[in-house]
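Working through the structure, step by step
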Protein chains: 2
Amino acid sequence: MQELTEPRDRLLLGPGPSNVNPRVIRAMTMPLMGYLDPTFLKVMDDVTSLLRQAFGTSNELTLAISGTGTSGMEAALVNLLEPGDSVVVGVNGLFGGRLADIATRCGASVTTVSAEWGQALDPAAVEQALADAGQVKLLAVVHVETSTGVVQPLPPLAEAAHRHGALFLVDAVTSLGGVDLRVDEWGIDACYSATQKCVGAPPGLSPITLSPRAVEAISGRSTPVQSFYLDLLHLQRYWITDRTYHHTASMPMIYALREALVMAMEEGLENRQRRHERNAAALRAGLAEFGMRPVPPEGIRASPLTAALVPEGLEEAKVRRALLNEYGIEIGGGFGPLAGKIWRIGLMGESSQASHVLTLLHALETLLAREGVELASGAAVAAAHRSLAEE
Amino acid sequence: MQELTEPRDRLLLGPGPSNVNPRVIRAMTMPLMGYLDPTFLKVMDDVTSLLRQAFGTSNELTLAISGTGTSGMEAALVNLLEPGDSVVVGVNGLFGGRLADIATRCGASVTTVSAEWGQALDPAAVEQALADAGQVKLLAVVHVETSTGVVQPLPPLAEAAHRHGALFLVDAVTSLGGVDLRVDEWGIDACYSATQKCVGAPPGLSPITLSPRAVEAISGRSTPVQSFYLDLLHLQRYWITDRTYHHTASMPMIYALREALVMAMEEGLENRQRRHERNAAALRAGLAEFGMRPVPPEGIRASPLTAALVPEGLEEAKVRRALLNEYGIEIGGGFGPLAGKIWRIGLMGESSQASHVLTLLHALETLLAREGVELASGAAVAAAHRSLAEE
């Protein structure tokens, strides 16, 4: 067992993790410190301040939870919901379903508003559910549904939530750092993400931010938060206010997140969003030459993640395996109703590069031709090139 | 903000994190991979197998939770306890208190058996509590209480738990990899730890193992586990059985844990325990020359962590600050009733080295002399030397 040979480098173009910049890898190797070391507290302050910029918020309660994206989802729900609270959850993919699952485990009364996988939620249906449920504490939706590549327009839902006196919770796991997201301007009360997608760091932390209204809701609870590990008022005391011990944060992960956020700010959030859009457009132009179209209709396609239907009759898992084994490239398959039918191709954070789009299309064309798919040789990379050159 | 100069290396001799070997740091920088990449699954298999060796168990459900030690504590409790279940918790320090806090958040009926901070739990008192409470589901105790440095003898408590039909849960955060721990032989049903103490990796994961009896208790629950993120049967499916997606594990943390465990097995668990004992004995011989004695009585002093009373009248925080600023050495202060009265000195994992003991005693003597403590010059390092030479 002692001999794990250095594995071959991967080009990570799946639903996450994505590749990270060598600056971020190097940051992980900085000296470990005590969890209350003044220098480490300064690093935490930097992370808090950079996360506020990334989220577009001035929320005091902004920090990184010591767990992956799902721990952020759970933190938001267990802090905001008490047994018996009414919550409306939008479900148009795997992660909306997960929100509903966790809300149920909180003892909340859960109403789901569904849309087909690959479609956005209908604001009118959400409004109706809020009206029917009555006294709703929380509306929870996913910004970019990683299982389908749909980006949900948020402002109408925020308005609907607030009209009905509900807090508005948004899963920004696949959007933060890659898609326009404005927590304060849009009226989002709770928003969490993950580090391994558009943020550009390895997996391991979950950035989260809560509005003063959401913090007030937590302070006013009549029951204790069911999780100590994810108790946000405790975490706020460690991260932001009196620096009391709660748990031993992971220094390497926090160093990495800090460096990734510094790089995002050097690039500029808008430039970064445009980069994600430009490379997604090139990818889609190329995939069209394979006869592959994205699952979501135009207008709600998220640039970080393209879920596209594979050519009819193709043994898709075989092609993905060959892509990994022969080219060292990872892309993802589908979940649930889309299993076996789609590929999920992520161009997120450091992985969103024009050169990666060309490399992937080149490899895919070779493998698809081997599987007997009829193709015009070189058409996909040429289409991607033209899309990139248009800019 | 962009310019974080490389911080000075720290000698970490506090209650954790401890220093880690450069091999472990290098392991973190191996290529990121997909969470279901066959090569990564092989790494996870290695970790599972190495953790079983470290815990002394053949339990199938053995894995590393994507969170710090407290997430392991919470995972054990939320999976084993249902609302209304009766649990007996031993409390003789901060972490026993935390067990009771989390058990309460699970809706359990919690009976605490207390001992003074610095003392071990009395098995007779535990037995009595088990008898009085009736139908106890779980007895939960801390092996090495990080707030006091007490090591709790476990076999009598395991026997008491089983005599009363209760499962036996042990917090091994500060013992795994540094102190004799035999999960199967002693009859421990649930045991969790952390990576940043005697295991020798950075903080960020929580190793955990559950006996078949404990797994049966989870399978037989009548209510869902209140946490999705920490749902151990879900985690078992990702880590061990059908490899279904649950969350995106942190590759750098798991690479690091694997390497640290490989190093522990190269050294041998018994050799490693002896190393921790030898260096702790040298430290205590040196501290005695400053008039400092460990808080726990002889016989229950844990070798990884020495909590010792500081000289009367000393402004202890000032000395710790100087130690960090002038020497780059971290040690810890006390919590709760011991705040301001003790230092907690960890010699754990890679930080447990004879040279570190001498370096610390040299620095402390210099700083104590500056504070006016009367000392025989060089007596502490000489005493440590003699203790080491005796072996």
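What counts, and where the lines are drawn
Residues numbered from 1 in each chain as written. Chains lettered and ligands numbered in written order. Predicted model: local features only at pLDDT ≥ 70, side-chain atom pairs only at ≥ 80, totals over all residues. Heavy atoms only, no water. Helix = DSSP H or I, 4+ residues; strand = E, 2+ residues; numbered from the N terminus. Buried < 20%, exposed > 50% of the residue type's maximum accessible area, 1.4 Å probe, protein only. Contact = heavy atoms within 4.5 Å. Buried area = accessible area lost by both parts, 1.4 Å probe. Salt bridge = Lys/Arg side-chain N within 4 Å of Asp/Glu carboxyl O. Nonpolar A, V, L, I, M, F, W, Y, C, P; charged D, E, K, R; others polar. Phe/Tyr/Trp six-rings, centres within 6.5 Å; stacked < 30°, edge-to-face > 60°. Pairing = 2+ DSSP bridges. Axes fitted to C-alpha atoms, helices over the stretch in contact; angles between N-to-C directions. Least-squares fit on C-alpha atoms with pLDDT ≥ 70 in both. Parallel < 35°, antiparallel > 145°, perpendicular 65-115°, else oblique. Left-handed = near helix turned anticlockwise from the far one by under 90°. pLDDT = per-residue confidence, 0-100.

1. What about the side chain of His356(B)?
Positionally, His356(B) belongs in helix 13 (residues 354-370). With a relative accessible area of 19%, His356(B) lands in the buried category.

2. A look at the interface of chain A and chain B
Contact residues are listed per partner, giving 70 residues for chain A and 70 residues for chain B. When chain A packs against chain B, the two sides together hide about 5,800 Å² of surface, and 64% of this comes from carbon and sulfur. Summed over the shared surface of chain A and chain B, the result is 4 salt bridges. Asp231(B) is the salt-bridge partner of Arg105(A), the closest N and O atoms lying 2.9 Å from each other. Taken together, the elements giving at least two residues each to the side of chain A that touches chain B come down to helix 1 (22-28), helix 2 (38-55), helix 3 (69-80), helix 4 (94-105) and helix 10 (251-267) of chain A. Residues that form the side of chain A that touches chain B fall into these classes: 33 nonpolar, 21 polar and 16 charged.

3. A word on the packing of aromatic side chains
All chains considered together, the criterion is met by 8 aromatic pairs over all chains. Taking 4.9 Å as the distance between ring centres and 40 degrees as the angle between the ring planes, the aromatic pair formed by Tyr35(A) and Tyr245(A) counts as tilted. You can see Tyr35(A) sitting in the loop between helix 1 and helix 2 and its partner Tyr245(A) sitting in the loop between helix 9 (232-239) and helix 10, a full 210 residues away along the chain. Each of the two residues, Tyr35(A) as well as Tyr245(A), counts as buried. Ring geometry for Phe95(A) and Tyr245(B): centres 6.2 Å apart, planes at 70 degrees, overall edge-to-face.

4. Focus on the sheet that holds strand 8 (residues 167-171) of chain B
Residues and elements named next belong to chain B. Taken in spatial order, the 7 strands of this open sheet run 2-10-9-8-5-3-4, and their pairing is mixed. Of all the strands in the sheet, just strand 2 (62-65) and strand 4 (109-114) have a single pairing partner and so form its edges. Here the average twist between neighbouring strands, direction ignored, is 20 degrees. Note: strand 2 against strand 10 (residues 206-210), 4 bridges, orientation antiparallel. Directly across from leucine 63, in strand 10, lies its bridge partner isoleucine 208. Of the strands in this sheet, strand 2, strand 5 (136-142), strand 8, strand 9 (190-192) and strand 10 touch helix 3 (residues 69-80), which is tilted by about 25 degrees from strand 10.

5. Here we look at the environment of Gly340(A)
Residues and elements named next belong to chain A. Mapping glycine 340 onto the fold places it in the loop between strand 12 (329-330) and strand 13 (342-346). According to the relative accessible area criterion, glycine 340 is partly exposed, its value standing at 40%. The spacing of glycine 340 and alanine 280 is 60 residues in sequence and 22 Å in space, taken between C-alpha atoms. With residues up to four places along the chain from it excluded, the contact list for glycine 340 reads Val310 and Glu316.

6. Overview of the relation of the copies chain A and chain B
Least-squares fitting of chain A to chain B yields an RMSD of 0.0 Å, with the transformation described by 0.0 Å of translation along the axis and a rotation of 180 degrees. Between the two chains, the operation in question is that of a two-fold axis. When C-alpha distances to the rotation axis are compared across chain A, the minimum falls at Gly67(A), with a value of 2.5 Å.

7. Side note on the pattern of salt bridges
Per the counting criterion, the structure on display carries 38 salt bridges over all chains. Two residues, Arg23(B) and Glu259(B), come together in a salt bridge whose shortest N-O distance is 2.9 Å. Note that Arg23(B) is positioned in helix 1 (residues 22-28) and Glu259(B) in helix 10 (residues 251-267), a separation of 236 residues in sequence. Here the salt bridges share partners, and the residues they tie into one network are Arg23(A), Lys42(A), Asp46(A), Arg258(A), Glu259(A) and Glu266(A).

8. Details of the packing of helix 12 (residues 316-327) of chain A against helix 13 (residues 354-370) of chain A
When two helices pack together, their arrangement is captured by the angle between the axes and the distance separating the axes. All names here are of chain A. Contact geometry for helix 12 and helix 13: axes closest at 10 Å, N-to-C directions at 125 degrees. Comparing their axes, helix 13 and helix 12 come out oblique. In this structure, helix 12 crosses over helix 13, and the sense of that crossing is right-handed. Residue-level contacts link Val319, Ala322, Leu323, Glu326 and Tyr327 of helix 12 to Leu360, Ala363, Leu364, Thr366, Leu367 and Arg370 of helix 13. Of the residues that constitute the contact of helix 12 with helix 13, the class distribution is 8 nonpolar, 1 polar and 2 charged.

9. Side note on the sheet that holds strand 10 (residues 206-210) of chain A
Sheet strands pair by backbone hydrogen bonding; their relative direction is either parallel or antiparallel. Residue and element names in this part refer to chain A. Pairing is mixed across the open sheet formed by 7 strands, whose spatial order is 2-10-9-8-5-3-4. In this open sheet, the two strands that pair with only one neighbour each are strand 2 (62-65) and strand 4 (109-114). The sheet shows a mean angle of 20 degrees between the axes of neighbouring strands, direction not considered. Helix-sheet contacts for helix 2 involve strand 2, strand 9 (190-192) and strand 10, and the interaxial angle to strand 2 is about 105 degrees. Strands in contact with helix 4 are strand 3 (86-91), strand 4, strand 5 (136-142), strand 8 (167-171) and strand 9; relative to strand 3, the strand with the most contacts, it is inclined by about 160 degrees.

10. Focus on the environment of Ala307(B)
Residues and elements named next belong to chain B. Mapped onto the elements, alanine 307 comes out in strand 11 (residues 305-309). The sequence separation of alanine 307 and valine 136 amounts to 171 residues, and the corresponding C-alpha distance is 33 Å. Residues within four places of alanine 307 in sequence aside, it is in contact with Thr148, Gly149, Arg293, Pro294, Val295, Pro296, Ile342, Trp343 and Arg344.

11. Points about the confidence of the model for chain A
Per-chain confidence: chain A averages 97 in pLDDT, with 99% of residues scoring 70 or above. Interface confidence for the predicted complex, expressed as ipTM, amounts to 0.97; the pTM equals 0.97.

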